[in-house]
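# A structural walkthrough
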Amino acid sequence: MKALKKYPDPHKHVVLAQQFNNEYLTELFELTDKIKKSPEEFINTLRGKVVATLFYEPSTRTRFSFESAVHRLGGSVITTENGKEFSSASKGETIEDSIRVISAYADMIVMRHYEDDSSKRGMSASLVPLINAGSGKSQHPTQALLDAYTIYENFGTLENKKIAVVGDLLRGRTCDSLVYLLSKYKGNTFYFVAQENSQVKQSLREYLLENKIQFVEVDNLDAILDKVDVLYMTRVQKERFATVEEYEQAKGSLILDSKNIQKMKEEALIMHPLPRVDEVTTGVDSDKRAKYFEQAANGLWVRMAVLKILNDNT
Ligand code: NCD
């Protein structure tokens, strides 16, 4: 598997899951293992460096784990957590101008923005490494890295797995990044489980068809539970619906609870990028297959590794 030329080198910017390749993931996972084992060895990695976290959409895990990662690597953070209202975007400034200016103040930029193409636009204007922390409905590449790391940690491989991605696949972004990443590994089959009005995006469908990757689209969660190695649940993206009625129609139909998990394989992983709403009941949390809190915790170590690699290559 090779990174395509049209995508940036992930040692320079992290904007799309398609830019990752086996080499990068091996380097990243080895470094993540080391950081996770002995974080104190990395406390001077970003000494004297400033990282800007620029969030135009809500976030808990992503912003805090990035900021914690910077602090634990010895760097400092400048931040706006409500960029839509509190940055110059509210005055009409373009992403390009904001990033061009901020890249003179910071050594790296972590950006979450509601526009699908925000990270590509930001990258084109940035003088420093830019990390996409979520771009509209399109991508969330560092989430895919921590998801893949968690799968790798549990199975020792990213190959030959049956992966179900469940929920709002049309409006969510974590699904796309994870599938682009895992589709580079051989033998994986994807089950897209969603209501008809929330099924996987046409762009992802076309990518999988072009690359001859096995996938099926279904609307019944219970029918596939006994088949999968990884069950990746996602929430219905309330804030991305045009009307409340449309949201009401889509929500609450694909639910994992302590009853239907009985159908799953003993060694399967139950994952979720979080936040959850009602798609995974709290009754599932104590099951040994539930990995979502472990997954969120891995976000810190993986993001420390992403930041170190970018810093080492500038
Ligand atoms: C996800 C996101 O922002 O896309 N959250 C996260 O970063 N873990 C998932 C979501 O909001 O549903």
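Notes on the structure follow.

What counts and what doesn't
Residues numbered from 1 in each chain as written. Predicted model: local features only at pLDDT ≥ 70, side-chain atom pairs only at ≥ 80, totals over all residues. Heavy atoms only, no water. Helix = DSSP H or I, 4+ residues; strand = E, 2+ residues; numbered from the N terminus. Rg over C-alpha atoms; globule rule 2.2 N^0.38 Å. Buried < 20%, exposed > 50% of the residue type's maximum accessible area, 1.4 Å probe, protein only. Contact = heavy atoms within 4.5 Å. Areas by Shrake-Rupley, 256 points an atom, 1.4 Å probe, with all protein chains shown as cover. Lys, Arg positive; Asp, Glu negative; His and termini not counted. Charge placed at Lys NZ, Arg CZ, Asp CG, Glu CD. Patch = residues over 30% accessible without salt bridge, like charges linked within 9 Å, V, L, I, M, F, W, Y side chains within 5 Å. Salt bridge = Lys/Arg side-chain N within 4 Å of Asp/Glu carboxyl O. Pairing = 2+ DSSP bridges. Phe/Tyr/Trp six-rings, centres within 6.5 Å; stacked < 30°, edge-to-face > 60°. Lys NZ or Arg CZ within 6 Å of the ring centre and 35° of its normal. Axes fitted to C-alpha atoms, helices over the stretch in contact; angles between N-to-C directions. Near = heavy atom within 4 Å. Polar contact = N/O pair within 3.5 Å; in protein donor to acceptor, adjacent residues only side chain to side chain.

Take the overall build of the chain next. Within the chain, the regular secondary structure consists of 10 helices and 9 strands. Over its C-alpha atoms the chain spans a radius of gyration of 19 Å, differing by no more than 12% from the 20 Å that the globule rule assigns to 314 residues. Counting only C-alpha atoms, the chain reaches 55 × 45 × 40 Å along its principal axes. Taking all 314 residues of the chain together, 56% fall into the buried category. Summarising the internal contacts of the chain: among those between residues at least 6 apart in sequence, 72% fall at separations of at least 24. Just so you have it, the chain exposes about 13,900 Å², and 49% of that area is on carbon and sulfur atoms. Side chains of the chain give 42 positive and 44 negative charges; the mean places of these two sets differ by 3 Å.

Bringing a negative patch on the surface into the picture now. Negative charge collects at one region of the surface, where Glu23, Glu27, Glu30 and Asp33 lie side by side. Along the chain, Asp33 turns up in helix α1 (residues 22–37). Of the residues examined, Asp33 reaches a relative accessible area of 38% and is grouped as partly exposed.

Attention now goes to unusual backbone geometry. At the junction of Leu274 and Pro275, the peptide bond is cis and its omega measures out at 5° in the coordinates. Tracing the sequence through the fold places Pro275 in the loop between β9 (269–271) and α10 (292–312). One non-glycine residue, Leu274, lies in the positive phi region at around 60°. Tracing the backbone through its elements, the reader meets Leu274 in the loop between β9 and α10. By relative accessible area, which is 12% here, Leu274 ends up buried.

Within strand β3 (residues 108–113), 6 of the 6 residues are buried, which leaves the element mostly enclosed by the surrounding structure. By the alternation rule, side chains of β3 split into Met108, Val110 and Arg112 and Ile109, Met111 and His113, which are all buried. Pairing analysis gives 5 bridges linking strand β1 (residues 50–55) to β3, with the strands arranged parallel. When the sheet's bridge partners are listed, Ala52 is paired in β3 with Ile109. Inspection of the sheet shows β3 paired to strand β4 (residues 130–135) by 4 bridges, in the parallel sense. Its bridge partner lying in β4, Val110 is registered against Ile131.

Moving on, we get to the environment of Ile261. Relative to the elements of secondary structure, Ile261 occurs in the loop between α9 (244–250) and β9. Setting aside residues up to four positions removed in sequence, Ile261 forms contacts with Leu256, Ile270, Val284, Asp287 and Arg289.

Another aspect to go through is the packing of aromatic side chains. If you walk through the whole model with that rule in mind, you get 8 aromatic pairs. Chaining the aromatic ring pairs together yields one cluster made of Phe29, Tyr149 and Tyr152. A cation over an aromatic ring shows up here: Lys84 above the ring of Tyr114, its NZ or CZ 4.5 Å from the ring centre. The ring of Phe155 has Lys161 lying over it, and the distance from NZ or CZ to the ring centre is 4.7 Å.

Turning next to the sheet that holds strand β7 (residues 214–218). One open sheet accounts for 5 strands, arranged β7-β6-β5-β8-β9; its pairing is parallel. Each end of this open sheet is capped by a strand with a single partner; those strands are β7 and β9. Neighbour-to-neighbour, the strand axes of this sheet turn through a mean angle of 15°, independent of strand direction. Relative to β7, strand β6 (residues 189–193) runs parallel, the two being bridged by 5 bridges. Note on β7: the bridge partner recorded for Phe192 is Glu217.

Another aspect to go through is the site of the ligand. Neighbouring residues of the ligand: Arg61, Thr62, Arg112, His140, Gln143, Arg173, Thr174, Arg235, Gln237, Pro273, Leu274 and Pro275. Between the ligand and His140, the relevant distance is 2.8 Å, taken from an oxygen atom to a side-chain nitrogen or oxygen of the residue. One of the side-chain nitrogen or oxygen atoms of Arg173 is found 2.8 Å away from an oxygen atom of the ligand. Within the complex, the protein chains bury 93% of what would otherwise be the 320 Å² of accessible surface of the ligand.

Scope: geometric values only; no functional claims are made or implied.
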